[in-house]
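Each chain, letter by letter, is given below.
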Amino acid sequence: MDPKLDSKVPVGDMAEKWTHYKGSVPLVAPNNKRRIDVIIIGTGLAGASAAASLGELGYNVKCFTFHDSPRRAHSIAAQGGINAAKNYQNDGDSVYRLFYDTIKGGDYRAREGNVHRLAEVSGSIIDQCVAQGVPFARDYGGLLDNRSFGGTQVSRTFYARGQTGQQLLIGAYQSLSRQVAIGNVKLYNRHEMLDVVVVDGKCRGVIVRNLLTGELERHAGHAVVLATGGYGNVFYLSTNAMMCNTTATWRAHRRGAFFGNPCYTQIHPTCIPVSGDYQSKLTLMSESLRNDGRCWVPKDPADRLKHPTQIPEEARDYYLERRYPAFGNLVPRDIASRAAKIECDNGKGVGSTGLAVYLDFADSIKRLGKETVAARYGNLFEMYQKITGDNPYEVPMRIYPAVHYTMGGLWVDYNLMTTIPGLYACGEANFSDHGANRLGASALMQGLADGYFVLPYTIGSYLSGEIRTGKLSTDLPEFEAAENDVRSRIEKFKSLKGNQSVESFHRRLGKIIWDYCGMARNEAGLKKAIEMVRALREEFWKDAYVPGGSDEFNPELEKAWRVADFIELGELMCIDALNRNESCGGHFREEYQTEEGEALRDDQNYMYVAAWEFKGEGAEPELHKEALEYEVVKVTQRSYK
């Protein structure tokens, strides 16, 4: 075990680790919580639930969002549902099965202890959200309804039509708002974190910028929690909102927080295909559609430009059902995405670009009736029709894989603490629960689990040693130095008066990462990408143009900072992908695949978490390895056939 990486997973039986932990962890007495200041960055599901929970416990919480309202957080965009092991369908589900499916779905590259805890607390999330009034779907008898998602053979996904993320975020937001009204949480809208402050080896605060005035502010806390989402926008075109970025986690990385598995990014198989170079983002169509929709392409490439209703049944290839009969259209996302890519690479892709496959609901409408299908997916069908002009009730949807989620993130231990003491990472900002591939409907589960049920215990363990620290001052030299670093970087951006927009650099970066570190990677391509990204970074600092000033509202300055961080992260992603000479989950190295084209892992040499340490500007990052040891799950080659 690397001496710098202590996962702190409790000893004992897997099913009892979390119970024993909660029963023995140090606590902070209610009267002492008032002495403790906690800073939370982000107000999505992980951030809002953490801020609400810690405020309810009595801590003094400062919560920051760069949005005008916490309800703008990208968690609102999640559609299909949230997993929980409540076995309402009586179809064989259990905590263990959710745990096992998640480990297997992540291609045996996740930490067992964290995943089992996630499965354990999943049921409590549903109870919490129902109590908040989240309008989950109900069955005929009035009980909460469930549907299936990829990588499972049970129905454990709770949903609110195609708006689950929105409804869950409203629930977390109202809990957060209550704490704001009481005075336990102070909310800072339109503020962006640009650096963390480390004092005597501990994280003691942040430097933030007021996005409306440009003013830099210092904020001190006994602990800092990053709940800032993932870095999918490094690809430029993704299902993420345009403001999603990596700056908070990347600044923490540069201050000493290790970055875990940056090459593990997820491609979602069910997105509306790219239609032109004018696009700045892609639109997700929920994975829940694969419950009742069937994926197919023409058997004959010559038919690919025909109208789908003119292609008879015998001329269609339902390729997922053919290749993976046990799971059919509900295989995990990485497998479904690669399968679609293979069909398109073989010349069977449909539409004008040839980069699409069909998702057909004709059989389901015939079997269930249009009204039932509309009740399940009506708002998704409406969205698709508004964007494409096609009616999914009459014509199959066209879909193609797109960047969606990042399994990589800041390395954290069992307590969700990074390698900087006092600095925590929750939700998609950390690496901990999904391995090399995330199962659908597990992002919402992890975000709320971390915020509502994990962090309130684990952060208390650390803060129990801080009750005598007293009020922290922002006049310390470390705060001044960090603020000066931020100010200096802003001045550097202001001095950029070249000929190219920041947007153009972001678009070029995204194409490099997509082409060489996207759905498929190989050694030659990754080496080429690293050189291209380094050249792009040099060109950025010479020829980018950043208009406006720093003491005002300036979205171009914000974007310049974010794109500069994306460029640095993009290089690390390629380095990590080049280092991992195997295929697993979303990391598919073309040199390492089975005869049938499936991912070929190398458990002997690569069963570890890759945690990268920043070693300075221009220096090669240092790799640290956290060995993954499986106590309960038997490691096998993944099969969904």
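Residues numbered from 1 in each chain as written. Predicted model: local features only at pLDDT ≥ 70, side-chain atom pairs only at ≥ 80, totals over all residues. Heavy atoms only, no water.

**Student:** I would appreciate a short explanation of the overall build of the chain in the present structure.
**Tutor:** The secondary structure content of the chain amounts to 17 helices and 21 strands. Reported as C-alpha extents along the three principal axes, the dimensions of the chain are approximately 75 × 60 × 50 Å. The buried share among the 641 residues of the chain stands at 61%. Within the chain, contacts between residues separated by at least 24 positions form 75% of all contacts whose residues are at least 6 apart in sequence. Here the chain displays about 23500 Å² of accessible surface, and carbon together with sulfur accounts for 48% of that area. For the chain, the separation between the mean place of its 76 positive charges and that of its 80 negative charges on side chains is 2 Å. (Helix = DSSP H or I, 4+ residues; strand = E, 2+ residues; numbered from the N terminus. Buried < 20%, exposed > 50% of the residue type's maximum accessible area, 1.4 Å probe, protein only. Contact = heavy atoms within 4.5 Å. Areas by Shrake-Rupley, 256 points an atom, 1.4 Å probe, with all protein chains shown as cover. Lys, Arg positive; Asp, Glu negative; His and termini not counted. Charge placed at Lys NZ, Arg CZ, Asp CG, Glu CD.)

**Student:** Please clarify how the side chain of serine 122 should be interpreted in this entry.
**Tutor:** Tracing the chain through its elements places serine 122 in helix α5 (residues 112–132). With sequence-adjacent residues up to four places away left out, serine 122 is seen in contact with Asn83, Ala84, Ala85, Leu98 and Met445.

**Student:** What exactly am I supposed to notice about the domain arrangement of the chain here?
**Tutor:** How big an interface is tends to be reported as the loss of accessible area on association of its parts. Domain annotation of the chain identifies domain 1 (268–403) and domain 2 (493–602). Each of domain 1 and domain 2 has a C-alpha centre, and these two points are 29 Å apart. Taken together, the contacts link 12 residues of domain 1 with 9 residues of domain 2. Buried area between domain 1 and domain 2, summed over both chains or domains, comes out near 850 Å², and the portion from carbon and sulfur atoms is 54%. Sorting the residues of domain 1 by area buried against domain 2 places Asp334, Arg338 and Lys341 first, and these three jointly supply 47% of that buried surface. Our enumeration of links across domain 1 and domain 2 arrives at 1 salt bridge. Among the salt bridges present, the one from arginine 323 reaches glutamate 598, with a minimum N-O distance of 3.4 Å. Between domain 1 and domain 2 we count 4 residue pairs in polar contact (both at pLDDT 80 or more) in total. The element that contributes the greatest number of residues to the side of domain 1 that touches domain 2 is helix α9 (residues 333–345), accounting for 4 residues. Per-class residue counts for the side of domain 1 that touches domain 2 are 5 nonpolar, 2 polar and 5 charged. (Domains from an automatic or database assignment. Buried area = accessible area lost by both parts, 1.4 Å probe. Salt bridge = Lys/Arg side-chain N within 4 Å of Asp/Glu carboxyl O. Polar contact = N/O pair within 3.5 Å; in protein donor to acceptor, adjacent residues only side chain to side chain. Nonpolar A, V, L, I, M, F, W, Y, C, P; charged D, E, K, R; others polar.)

**Student:** Honestly, the environment of histidine 191 in this entry has me stumped. Any pointers?
**Tutor:** Checked against the element boundaries, histidine 191 lands in strand β6 (residues 191–199). For histidine 191, a relative accessible area of 9% translates into the label buried. As a C-alpha pair, histidine 191 and glutamate 217 span 26 residues in sequence and 9.3 Å in three-dimensional space. Here histidine 191 is in contact with Phe64, Thr65, Phe66, Val208, Arg209, Asn210, Leu211 and Glu217, once residues within four sequence places are set aside.

**Student:** Help me understand the environment of tyrosine 96 in this model?
**Tutor:** Along the chain, tyrosine 96 falls in helix α4 (residues 95–105). Taking the C-alpha atoms as reference points, tyrosine 96 and glycine 618, 522 residues apart in sequence, are found 45 Å from one another.

**Student:** Before we go on, may I ask you to explain the pairing of strand β9 (residues 223–226) in this structure?
**Tutor:** Put simply, side chains in a regular strand alternate between the two faces of the sheet. Residues Ala223 and Val225 point to one face of β9 and Val224 and Leu226 to the other, with burial holding for every one of them. Alignment of β9 against strand β17 (residues 423–425), held across 3 bridges, turns out to be parallel. From the neighbouring strand, valine 224 faces β17, where its bridge partner is leucine 423. (Pairing = 2+ DSSP bridges.)

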